[in-house]
Amino acid sequence: MRIILPFFFFICFAGCTKDPWINIDKGIIDQEISFGSCIPPTLTQTEYIIETDSMYQKLLSNSVCSSYTLPYIDFTQYTLLGKYASGQCKVEFHRQVTKDDVAKTYNFTVYVFDRGLCKKEAIDMNWVTVPKLPQDYSVVFTIKHD
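As the structure is a prediction and not an experimental result, all values here were calculated from the model.

Before going further, it helps to spend a moment on the environment of Gln96. Turning to its location among the elements, Gln96 is positioned in strand 4 (residues 90-100). With relative accessibility at 16%, the residue Gln96 sits in the buried group. Along the backbone, Gln96 and Val110 are 14 residues apart, and their C-alpha atoms lie at a distance of 6.5 Å. Discounting chain neighbours no more than four positions away, the residues touching Gln96 are Ile24, Asp25, Lys26, Gly27, Ile29, Asn107, Phe108, Thr109 and Tyr111. Of the polar contacts made by the side chain of Gln96, one reaches the backbone oxygen of Asp25; its length is 2.8 Å. Here Tyr111 takes part through its side chain, which lies 3.2 Å from a polar atom of the side chain of Gln96.

Here you go:
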């Protein structure tokens, strides 16, 4: 009995826990974009709605890489959204964009899942492309921590 009881608890806790991000639907996200370390996050601007190539090229003014070329985005078809988020220790960022036709919004949510106990901060600029933002729509940015 002494062996079975600890084994039962181990199996249940190992197999019964579910990571909450597994079921997060990405919504209308076409693609997640990473600029690596060439375009680092800034605290002066934490949200971006980029709808033209000229707006996109302005990101290069923050580039720390000498000859970095931005990945191609067709701005006649897509809008680039960016949202700064941070967490502690080992962090996972998951992104979702939903479209609300009644409120005329794209709702961009960054889910931040902190794992571990330490004081190290993790930051990320969460970039996604979505179908072209309709003319009369706005973007609502939200961060949710677990």
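A few words now on the pairing of strand 4. In terms of strand pairing, strand 4 meets strand 5 (residues 105-115) through 11 bridges, oriented antiparallel. The residue of strand 5 that forms the bridge with Lys99 is Tyr106. Taken together, strand 4 and the strand that follows it, strand 5, pair antiparallel across an intervening segment of 4 residues, in which Lys104 is found at a positive phi of about 55°.

Moving on to the pattern of salt bridges. Scanning the model with the defined rule gives 6 salt bridges in all. Asp101 serves as the salt-bridge partner of Lys99, at 3.7 Å between the closest nitrogen and oxygen. Three or more residues are tied together by salt bridges with common partners; here these are Lys26, Glu32, Arg95 and Asp124.

Let's shift gears to the confidence of the model for the chain. Model confidence for the chain is summarised by a mean pLDDT of 83, while 81% of its residues fall at 70 or above. Here residues 4-18 is modelled with pLDDT under 50, and outside its nearest four sequence neighbours on either side it reaches 2 contacts, counting other chains as well.

By size, the foremost hydrophobic cluster in this structure holds 17 residues, and its most contacted members are Leu81, Val97, Tyr106, Phe108, Val128 and Val139. Among the secondary structure elements, those contributing two or more residues to this core are strand 3 (78-88), strand 4, strand 5, strand 6 (121-131) and strand 7 (138-145). Sort the elements by how many residues they give to this core and strand 5 lands first, with 4 residues. With 14 residues, the next largest nonpolar core counts Phe35, Ile39, Ile50 and Tyr84 among its residues.

The rules we used
Residues numbered from 1 in each chain as written. Predicted model: local features only at pLDDT ≥ 70, side-chain atom pairs only at ≥ 80, totals over all residues. Heavy atoms only, no water. Helix = DSSP H or I, 4+ residues; strand = E, 2+ residues; numbered from the N terminus. Buried < 20%, exposed > 50% of the residue type's maximum accessible area, 1.4 Å probe, protein only. Contact = heavy atoms within 4.5 Å. Polar contact = N/O pair within 3.5 Å; in protein donor to acceptor, adjacent residues only side chain to side chain. Pairing = 2+ DSSP bridges. Salt bridge = Lys/Arg side-chain N within 4 Å of Asp/Glu carboxyl O. pLDDT = per-residue confidence, 0-100. Core = buried A, V, L, I, M, F, W, Y, C linked by side-chain atoms within 4.5 Å.

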